[in-house]
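Fold and geometry: a report
Listed below are the residues making up each chain.
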Amino acid sequence: MGRADERLGVISRRQILRAGAASGIALTLTRLALAEEPGFASRETLPGRQRWNPAAGGRGRIDALPKVTGAKLYASDFRAADLPGWPQNTSHAMLIRTADATHVLTGVDVSLLTGALKPSVVVTADDVARMGARVPEYYAGDLLCPVGKTPLYLGQPVAMLIFEDFDTFDQARLALRDQAVLKFGAETGPVKMPNYGQFRFTRVGGPTPDAPDVYSPSKNGWVSPGFFENSGAPIWPRLPVPSGAAYAEAASYGEKIRAELDAKNPALLVLDREFETQSVDPMALEPESGLAWYDAGGKNLNLVISVQSPAEMATAIAYLLGNAEVAFRPAHINTNFASCGGGFGGRDHTPFPLYVALAGMFFPNRPVRLANNRFEQFQLGIKRHAFKMRTQIGVDRATGKIVGFAADHALDGGGLANFSAQVASVSALAALGIYYAPKVDLTTYAYHSRGVTAGSMRCYGTIQTMTALEVQVDEICTALPLDPIEFRRRNALAAGNRNLAGNTYVVSIRTPEILDKLEKHPIWAQRAAEKARGQQPGILVGTGVACATKNYGTGGDSCLGSVEIASDGQIAIYCDGAEMGNGLGTALANRVAAHVGGVADEVALMQVDTFGPLDLVSSEDPFTIDQKTQDAGARNPRWVPTISSATAASTGAYVGTHAVAEAARVIFRFGLWPAAIELWGIAPRDPKAKDWEKARWKDGQLVMPGLTPLPLQAVAAKAHARNGLTGAMAHSFNRWAWARATFAVGGQPWTADIDALAVRRGTGKFVRLDRSNVKFPPASLNQSGPTYTTQCGTLVRIEIDRATGALRIAKAYSVLECGQALVPEIVLGQAQGGFAMGVGYALLETLPLYEDGPGNGKWNLGQYLVARGSDLPLHDLEIEILPPVDPAEHPKGMAEVNMIPVVPALLNAIFDATGRRFRSLPVTQSLLKQAAREGSPK
């Protein structure tokens, strides 16, 4: 299903710009970039107006130069003095957070801050209530815990202190360190809340893998249990009650599948195993921070923040303040979006900017900075879910094929809902990995706890479920016995086969090629010889393999993009996607260059109100809308299911670049091509005038067989001279397929994978074109589960020092596919980064869930270990990227799948070295030392 914004009002441009309409708040959203340049418009773009473009030669990153030269790009870089029109001095705020979530809060005592250290403003829950702030539904829960209540979770903010200047703020922070500022009374135990979500996914396949299902989520719909134990855990068995027929049907099939696995059939090998994964932090390089300045006289709230979901956050802040008392209700909110210093899901729908906005409102006329240090980021930042899993896999001993699969998952969601329900569903639908099984029954639920909030994080729960799967598969291979790659080959889901949800993938499936690559690689082919040769008295050697698949997209994605070309051939791109180290700006530039012949001179990300000429509207929720409502909306030529989505779920390459690519195609077909045929002297009725699809750009020149190559500058100049089409702006929507519509461009019909289009001629203004024959993907696809996926396989060879337990990765190899790689160097960098994160997750990183964990405010990098260069095979990591299946294959999201197989490959290598199966993470050096001493070379 992907990430569903089920707790959000649907974001439309009209809603964004008129959010809080009853209170008259107007919004603008702008991308913030280089502060050294005087004009704000020129600061918005990368690499910047008149700046050297390191990517113009076809290589390098658009944002490389400002990043490596230390330009101000990130929210944490900025102070008020950096921003034109702002007051020069910056005030500073801090949040007081609780380390107790089992006692009633009775008070906040900051009396030790006296004299010069006294805060200018102390904000409590009572103040927030008096101002009339509303918490957006998605962030449901008290922003500040009120006195008289037990905190909802560890690390929950209780108060905000604001100081006039940094020196006072800094001294006060030191004075408060280790002081009991918060007072507590009676013990109540943790607050009990309903689960965030629970689902049962059951599938009974037809007689062949591609035959229609007897029963499946895609065919019959998603189901959830309606009854719960006193502990809050769902009651999964079918109950003898008249209600819940849909769930009862799924439970009946599921119980039959489990009975078959429990039947002790001698023809089947059935392994029943448990596996646990830990809570970890995204560990983005930049802790969250922001600036707010409320100009009370003009009633303007100005913000500098960085998030993965700009439009959603702007709407959330407008809702927060839209019904406030007059003194706290801005008439206009101008939100400036800076680049994220790392995202990994931790900046997707984070509540932190809400606190930044409150800081500005409670200290009017003075810019206020709220910034987490690393202790505070650990305490409040979104975490990866800890999982507890039980999995049964039944395999036919004669054929080595999986015949049945059953699993139960429980996710600790922490204090706020975030995307816990969606992580539960996505991870469950991915739990069968690359394999086909004719019978599947899987239950999953995400529950509230007093832990720090868990939510959207790289891999979105799939690394937890597929690690458990691939480790169990390795054990099956040992038990059968059967070569691990041959087992995967026999059981791999083929093109046209139905997956766990009961649907089929609509993209290429490259698993057979990946398995062939893994099998032939020297790490695998020479594993026995290397084990024998490398087995020294104090060293254990092991080799591990794993393979994974990961969906990209959410099933409700949208993107906005525009492209403009000047008379001198300079190209500008605008997009609503977020930059968070993913190289989106360069991917946009390269994808557009294929259509208009040059790498962009300017790329502006995180734009929203730039696309005003489209005048889009929306209603409902794209994930839950029914077909009748969608059909009614589609009759309005400005209506789309959703307008702007978060940059998440590996959507950058496929979704984030789509609208600008389509805009660039329009410019070429109706602007540059007519100019070119005029330069070539081709008459409009000459058959060659219709051969635009045969034209190609090469080294900045438009090339056609038998014709003189034309430089881009000459073609652009001619397009402007004839007042041709020189700009296009588009919107796209994807629900496992692109929306498609027809537009009249220059009197000619143009059908494309977009649902809104505006064009510009010469240097004129953009004009919206009405669409016809629009076809939005059917609403029924909301229950289909993912239909886009990509694959990756990993091999590792490790050496373990028997005396110390130290593990060295001697060699590693990952092979992945991503369709058309827009920027191969960035794909390589993503794979290298994913490998490093996988090593950290497997061997090093862990956070206790409750009082000893990050919610106590005492965690930093002294306790939390991340992978360093010494933990990685810096010179012995090989990454292979498969070429696209054909030149027309679209880019596929790969930023998550490359991390997943690293973890089980390491665990399988550890078993090969020590003979010990680990079924929980991380496998630390102390655990390895014990296993190495007990193990012996096999």
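About the thresholds
- All residue numbers here refer to positions counted from 1 along the written sequence of the relevant chain.
- Residues qualify for local features only when their pLDDT is at least 70, as the model is predicted, and side-chain atom pairs are given and counted only at 80 or more; totals for whole chains, interfaces and linings, by contrast, use all residues.
- The basis for every side-chain value is the complete set of heavy atoms in the structure, and neither hydrogens nor water enter the calculation.
- A pair is scored as a salt bridge if a Lys or Arg side-chain nitrogen falls within 4 Å of a carboxyl oxygen belonging to Asp or Glu.
- In this description a helix means any DSSP run of H or I spanning at least four residues, a strand means any run of E spanning at least two, and both kinds are numbered starting from the N terminus.
- Accessibility here uses a 1.4 Å probe with only protein chains present; expressed as a share of the type maximum, an area under 20% marks a residue as buried, one over 50% as exposed, and anything in between as partly exposed.
- Angles shown run from 0 to 180 degrees and are taken between the N-to-C directions of axes, each axis being a line fitted to C-alpha atoms and, for helices, limited to the stretch in contact.
- Our angle categories are set so that under 35 degrees counts as roughly parallel, over 145 as roughly antiparallel, 65 to 115 as roughly perpendicular, and the remainder as oblique.
- Crossing handedness is defined as follows: a turn of the near helix away from the far one that is anticlockwise and smaller than a right angle gives a left-handed crossing, while the clockwise case is right-handed.
- We call two residues in contact when some of their heavy atoms are within 4.5 Å.
- Gly counts as polar in this scheme, as do all residues outside two lists: the nonpolar Ala, Val, Leu, Ile, Met, Phe, Trp, Tyr, Cys and Pro, and the charged Asp, Glu, Lys and Arg.
- Only strands that DSSP links by at least two bridges are regarded as paired with each other.
- Classification of ring pairs rests on two measures: the distance between centres of Phe, Tyr or Trp rings, Trp counted by its six-membered ring, which must be within 6.5 Å, and the angle between planes, read as stacked under 30 degrees, edge-to-face over 60 and tilted in between.

One pass over the structure, following the stated rule, counts 41 salt bridges. When the shortest N-O distance is used, the salt bridge between Asp213 and Arg203 registers 2.9 Å. Of this pair, Asp213 sits in the loop between strand 7 (197–204) and helix 6 (217–220) while Arg203 is found in strand 7, placing the two residues 10 residues apart along the sequence. You'll find Asp213 and Arg203 in the same group, each marked buried. The partner of Arg258 in a salt bridge is Asp408, with the nearest N and O atoms 3.0 Å apart. Pair noted here: Arg258 is in helix 7 (residues 245–261) and Asp408 is in strand 14 (residues 401–412), with a separation of 150 residues, a long-range link. By relative accessible area, which is 22% here, Asp408 ends up partly exposed. Shared partners join several salt bridges into a network, and the residues in it are Glu486, Arg489, Arg490, Asp516 and Glu519.

So, on to the packing of helix 12 (residues 462–479) against helix 13 (residues 484–491). Each packed pair of helices is defined by two parameters, the angle between the axes and the distance between the axes. The geometry of helix 12 relative to helix 13 is characterised by a closest axis approach of 9 Å and an angle of 110° between their N-to-C directions. Between helix 12 and helix 13, the angle is such that the two are roughly perpendicular. Seen from above, helix 12 lies across helix 13 with right-handed handedness. Residues Glu470, Val473, Asp474, Ile476 and Cys477 of helix 12 pack against Pro484, Phe487 and Arg488 of helix 13. The residue inventory of the contact of helix 12 with helix 13, partitioned by class, reads 5 nonpolar, no polar and 3 charged.

Taken in spatial order, the 3 strands line up as 25-24-28 in an open sheet, and their pairing is antiparallel. Edge positions in the sheet fall to strand 25 (748–752) and strand 28 (771–775), since each of these pairs with one other strand and no more. For this sheet the average axis-to-axis angle between neighbouring strands, irrespective of direction, equals 20°. Of the strands in this sheet, strand 24 (740–745) and strand 25 touch helix 20 (residues 658–680), which is tilted by about 155° from strand 25.

Taking burial as the measure, the 8 residues of strand 7 include 8 buried ones, the bulk of the element. The side-chain alternation of strand 7 yields two buried faces, one formed by Gly197, Phe199, Phe201 and Arg203 and the other by Gln198, Arg200, Thr202 and Val204. Where strand 7 meets strand 15 (residues 439–447), 8 bridges bridge the pair, whose relative direction is antiparallel. Directly across from Arg200, in strand 15, lies its bridge partner Thr443.

The next thing to look at is the environment of Pro119. Structurally, the position occupied by Pro119 is in the loop between strand 3 (103–108) and strand 4 (121–123). A residue is classified by how much of its surface remains accessible, and Pro119, at 10% relative accessible area, is buried.

Across all of its chains, the model carries 25 aromatic pairs by this definition. Ring centres 4.9 Å apart and planes at 85° place the aromatic pair Tyr138 and Tyr139 in the edge-to-face group. Accessibility assignment for this pair places Tyr138 and Tyr139 in one class, buried. Chaining the aromatic ring pairs together yields one cluster made of Tyr552, Tyr654, Trp736, Trp738 and Tyr788.

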